[in-house]
Amino acid sequence: MPTILLIRHGETEFVQKGRLPGRLPNVHLNEKGHAQAQALAERLSQAPIKAIYSSPLERARQTAEPIAQALGLEVILRPGLIETDCGEWQGKTIKSLRRLKLWRSLHNSPLLFRFPGGESIAESQRRICSEIETLYTQHEAQDLIVCVSHADPIRLAVTFYLGMPLEHYQRLTIAPASITALHLGDPAPRLLTLNYDPSFTLTKPDSGILTREGSDRRPHARQGD
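Being a predicted model, the structure only gives us computed values, none of them experimental.

Let us now look at the nonpolar core. Counting 19 residues, the largest nonpolar core has I4, L6, Y53, I132, C147 and L184 as the members making the most contacts within it. Sorting the residues of this core by element identifies β1 (3-8), β2 (49-54), α6 (121-136), β4 (144-149) and α7 (151-161) as the ones contributing at least two each. Per-element tally for this core: the top contributor is α6, with five residues. Once you skip the residues sitting within four places of it in the chain, I4 turns out to touch I132, Y136, I145, C147, T180, A181, L182 and L184. Listed in part, the 18 residues of the second largest apolar core include L40, A41, L144 and A181.

To describe two helices that pack against each other, one gives the angle between their axes and the distance between the axes. Interhelical geometry of helix α2 (residues 31-44) versus helix α3 (residues 58-71) gives an angle of 30 degrees and a closest axis separation of 8 Å. If you check the angle between α2 and α3, you find them roughly parallel. Of the two possible hands of crossing, α2 and α3 adopt the one that is right-handed. Contacts from H34, A37, Q38, L40, A41 and L44 of α2 reach α3 at Q62, T63, P66, I67, A70 and L71. Across the contact of α2 with α3, the residue classes tally to eight nonpolar, four polar and no charged.

What follows is about the packing of aromatic side chains. Applying the stated criterion to the full structure yields five aromatic pairs. With a centroid separation of 5.0 Å and an interplanar angle of 85 degrees, the aromatic rings of F160 and Y161 are classed as edge-to-face. Judged by its relative accessible area of 43%, F160 falls in the partly exposed class. By the ring-pair criterion, three or more aromatic residues cluster together here, those being W89, W103, F113 and F115.

Turning our attention to the pairing of β1. Looking along a regular strand, one sees the side chains alternate between the two faces of the sheet. Among the six residues in β1, six count as buried, and that is most of the element. Burial along β1 is two-sided: T3, L5 and I7 and I4, L6 and R8, pointing in opposite directions, are all buried. Bridging between β1 and β4 involves six bridges; their strand directions are parallel. Pairing of I4 across the sheet is with I145, part of β4. Relative to strand β5 (residues 179-183), β1 is paired through five bridges, and the arrangement is antiparallel. Bridged to L5 within β5 is A181.

What follows deals with the packing of α6 against α7. Axis separation between α6 and α7 bottoms out at 9 Å; the angle between their running directions is 75 degrees. Relative to α7, the element α6 lies roughly perpendicular. Contacts from I121, S124, Q125, I128, C129, I132 and E133 in α6 reach P153, L156, A157, T159, F160 and Y161 in α7. Broken down by class, the residue content of the contact of α6 with α7 amounts to nine nonpolar, three polar and one charged.

What counts, and where the lines are drawn
Residues numbered from 1 in each chain as written. Predicted model: local features only at pLDDT ≥ 70, side-chain atom pairs only at ≥ 80, totals over all residues. Heavy atoms only, no water. Core = buried A, V, L, I, M, F, W, Y, C linked by side-chain atoms within 4.5 Å. Buried < 20%, exposed > 50% of the residue type's maximum accessible area, 1.4 Å probe, protein only. Helix = DSSP H or I, 4+ residues; strand = E, 2+ residues; numbered from the N terminus. Contact = heavy atoms within 4.5 Å. Axes fitted to C-alpha atoms, helices over the stretch in contact; angles between N-to-C directions. Parallel < 35°, antiparallel > 145°, perpendicular 65-115°, else oblique. Left-handed = near helix turned anticlockwise from the far one by under 90°. Nonpolar A, V, L, I, M, F, W, Y, C, P; charged D, E, K, R; others polar. Phe/Tyr/Trp six-rings, centres within 6.5 Å; stacked < 30°, edge-to-face > 60°. Pairing = 2+ DSSP bridges.

Distances and angles like these do not, on their own, reveal function.
In structure tokens form, the structure reads like this:
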């Protein structure tokens, strides 16, 4: 079975400001996000990657394109890699959402949670895993492929393939422009790398809350997109 590099898109203004973009159109990488995408392209330019797949959302495509250019490949858009549908919550700040009673349900009972007017967490997990299963059947066992997606779908995929309870998916951190590698081989899938950031630098905590750029470490913090 092939090895899959699950890459989260680079930083956007929504990530920086703690807003949920969901599936809103025209959410682009910011200056740092473009730099992260270039760093990924440089890091992967010599890797034997056979194909590059991407969520159709702009921020994912903008992350995938430099990698594809470095390797002389095309970006193949796959709707199954798209962000979780946050419904009525998209565009809102995490700070405002934390005031809602429903926010507790997302973190206390994610197996039963559905975003108002959107997708359930369980549906999002089934979708991303179904997409991965479809893609790996199209490749040889020795192939290395890239899938550019979003924080929650990647966390949900890792949770599934490691046999973790869905309720624990939020214990995983998937930073912008990070690489998570899964090998879907026999006798069981293996996690090779989790949340590897080619441009990782330690930053000064912000009032004891932020321990690295873009990562909110408060209890039950959602990563945004």
